[in-house]
Amino acid sequence: MNLDNVFKNNEAWIKRQLATSETYFDDLGKGQSPELLYIGCSDSRVTAEDLMGLGPGEVFVHRNIANMVSGTDFNAMSVVEYAVTHLKVNHVVVCGHYACGGVKAAMQSADLGVLNGWLRNIRDVYRIHKDELNAITDEEEKYDRLVELNVKEQCVNLIKTAAVQKAYRDRGLKVHGWVFDVHTGKLIDLKIDFEKYLKDIMEIYHLD
Ligand code: CO
């Protein structure tokens, strides 16, 4: 890859944006008020804005290996706090994807060094849903299902945060679980019953 092209591409992109509005960058410089916080995988095939057809200023993005929301991850927790409490987004999305290398690695018995601690969170998802997953004989199907269950559990982790609980109570913020199918390009809504989970876990995780 010739990185000079990146700067040429940037010049062409500036021209395209200015063709839509002469004040495009002046407007962008004024600040941001995105409606959506997107938490996705770092996988190079899964872009955030592109697959949703959104542009600069429309979505606050956090990405890490296997789209995890860990309560001990200062980075993810800071993003959630900032986007939910300060930017006041109305929707938080956890978007996983089929063929996720992080999820696949967690299904294998291998010592992956510093990644072990990170992937342990996905192994915990497997443990919680062991009965359902072990009943699936087709390996691909099991892998896809773990991707979906991981999204669901990360949504539950979001609901455990005080910021999300407070924003739900104050302005009806919603949490969504999606999966991107890299084989077809399709975005699938897992239709996570956010309010049901909220009710279930508030008994134990009520913070606000
Ligand atoms: Co991935």
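Model, not experiment: these values are computed from the prediction.

A few points about the overall build of the protein
(1) Moving on: Of regular secondary structure, the protein possesses 10 helices and five strands.
(2) Moving on: The C-alpha atoms of the protein give 19 Å as radius of gyration, which agrees with the globular expectation for 208 residues (17 Å, within 12%).
(3) Moving on: In terms of its C-alpha atoms, the protein occupies a principal-axis envelope of roughly 55 × 45 × 30 Å.
(4) Moving on: Sequence-distant contacts in the protein: of pairs separated by 6 or more residues, those separated by 24 or more amount to 64%.
(5) Moving on: Carbon and sulfur atoms make up 52% of the accessible area of the protein, which totals about 11,900 Å².
(6) Moving on: Here the protein holds 24 positive side-chain charges and 31 negative ones, and the gap between their average locations is 2 Å.

So, the domain arrangement of the protein
Interface size is commonly expressed as the accessible area that is lost once the parts come together.
(1) Moving on: Each assigned domain of the protein is listed with its residue range as follows: domain 1 (1-31) and domain 2 (32-205).
(2) Moving on: For domain 1 and domain 2, the distance between their C-alpha centres works out to 30 Å.

A few points about the sheet that holds strand β2 (residues 59-64)
Hydrogen bonds between backbone atoms are what pair the strands of a sheet, whose relative direction is either parallel or antiparallel.
(1) Moving on: Taking strand neighbours across the sheet as the criterion, the five strands line up as β2-β1-β3-β4-β5 in an open arrangement whose pairing is mixed. Taken across any chain shown, the strands that pair with only one partner, and hence form the sheet edges, are β2 and β5 (187-189). When strand polarity is set aside, the average angle formed by the axes of neighbouring strands in this sheet is 25 degrees.
(2) Moving on: Across the sheet, helix α8 (residues 139-159) lies against β1 (36-41), β3 (91-97) and β4 (174-180), angled at about 160 degrees from β4, the strand it touches most.

Some thoughts on the nonpolar core
(1) Moving on: By size, the foremost hydrophobic cluster in this structure holds 46 residues, and its most contacted members are L37, V84, V92 and L158.
(2) Moving on: Each residue touching V92, except ones within four places of it in the same chain, is listed here: L37, I39, V84, L158, L173, K174, V175 and H176.
(3) Moving on: Judged by nonpolar contacts, the second largest core, of 10 residues, contains L36, V46, A48 and V93.

Describing the side chain of Q165
(1) Moving on: Here Q165 shows up in helix α9 (residues 162-171).
(2) Moving on: Note on Q165: relative accessible area 3%, which makes it buried.
(3) Moving on: A polar contact is formed between the side chain of Q165 and the backbone oxygen of I159, at a distance of 3.0 Å.

Regarding the coordination of the cobalt ion
(1) Moving on: Every protein donor of the cobalt ion is listed here as C41 (SG), H97 (NE2) and C100 (SG), and their distances to the metal cover 2.0 to 2.3 Å.
(2) Moving on: Look at where the donors of the cobalt ion fall in the sequence and you get C-x55-H-x2-C. Of this pair, C41 sits in strand β1 while H97 sits in strand β3, and the two are 56 residues apart along the sequence. By the burial criterion, C41 is buried, and H97 matches it.

Remarks on the packing of helix α4 (residues 74-86) against α9
(1) Moving on: Between α4 and α9, whose axes approach to 9 Å, the crossing angle comes to 15 degrees. The pairing of α4 with α9 is recorded here as roughly parallel in orientation. Judged by the twist between their axes, the crossing of α4 over α9 is left-handed. Where α4 approaches α9, its residues V80, E81, V84 and T85 are matched on the opposing element by A163, V164, A167 and R171.

Re the pairing of β4
(1) Moving on: Burial runs high along β4: six of the seven residues are buried.
(2) Moving on: Note that β3 and β4 share seven bridges and pair parallel. Each residue of the ladder has a partner; that of G96, found in β4, is V179.
(3) Moving on: Bridging between β4 and β5 involves three bridges; their strand directions are antiparallel. By the bridge assignment for β5, V179 is matched with I188.
(4) Moving on: Connecting β4 to the antiparallel partner β5 that follows it, the hairpin turn spans six residues, and G185 within it adopts a positive phi of roughly 85 degrees.

Details of the layout of surface pockets
A water-sized probe, rolled over the atoms, reveals where empty space remains.
(1) Moving on: Size it by volume and the largest pocket reaches roughly 290 Å³.
(2) Moving on: Taken together, 16 residues form the lining of the largest pocket, with V125, I128, E153, N157 and K160 sitting closest to its centre.
(3) Moving on: Listing elements by their share of the lining of the largest pocket, those giving two or more residues are α6 (115-128), α8 and α10 (194-205).
(4) Moving on: Of all the elements, α8 adds the most residues to the lining of the largest pocket, at five residues.
(5) Moving on: Split into classes, the residues belonging to the lining of the largest pocket amount to seven nonpolar, five polar and four charged.

What counts and how
Residues numbered from 1 in each chain as written. Predicted model: local features only at pLDDT ≥ 70, side-chain atom pairs only at ≥ 80, totals over all residues. Heavy atoms only, no water. Helix = DSSP H or I, 4+ residues; strand = E, 2+ residues; numbered from the N terminus. Rg over C-alpha atoms; globule rule 2.2 N^0.38 Å. Contact = heavy atoms within 4.5 Å. Areas by Shrake-Rupley, 256 points an atom, 1.4 Å probe, with all protein chains shown as cover. Lys, Arg positive; Asp, Glu negative; His and termini not counted. Charge placed at Lys NZ, Arg CZ, Asp CG, Glu CD. Domains from an automatic or database assignment. Pairing = 2+ DSSP bridges. Axes fitted to C-alpha atoms, helices over the stretch in contact; angles between N-to-C directions. Core = buried A, V, L, I, M, F, W, Y, C linked by side-chain atoms within 4.5 Å. Buried < 20%, exposed > 50% of the residue type's maximum accessible area, 1.4 Å probe, protein only. Polar contact = N/O pair within 3.5 Å; in protein donor to acceptor, adjacent residues only side chain to side chain. Donors = N, O, S within 2.8 Å, 3.2 Å for Na, K, Ca; no water. Parallel < 35°, antiparallel > 145°, perpendicular 65-115°, else oblique. Left-handed = near helix turned anticlockwise from the far one by under 90°. 1 Å grid on protein atoms, 1.4 Å probe; cavity = no way out; pocket = protein on both sides within 12 Å on 5 of 7 lines; lining within 4 Å. Points joined across faces, edges and corners; volume = space filled by probe spheres on them. Nonpolar A, V, L, I, M, F, W, Y, C, P; charged D, E, K, R; others polar.

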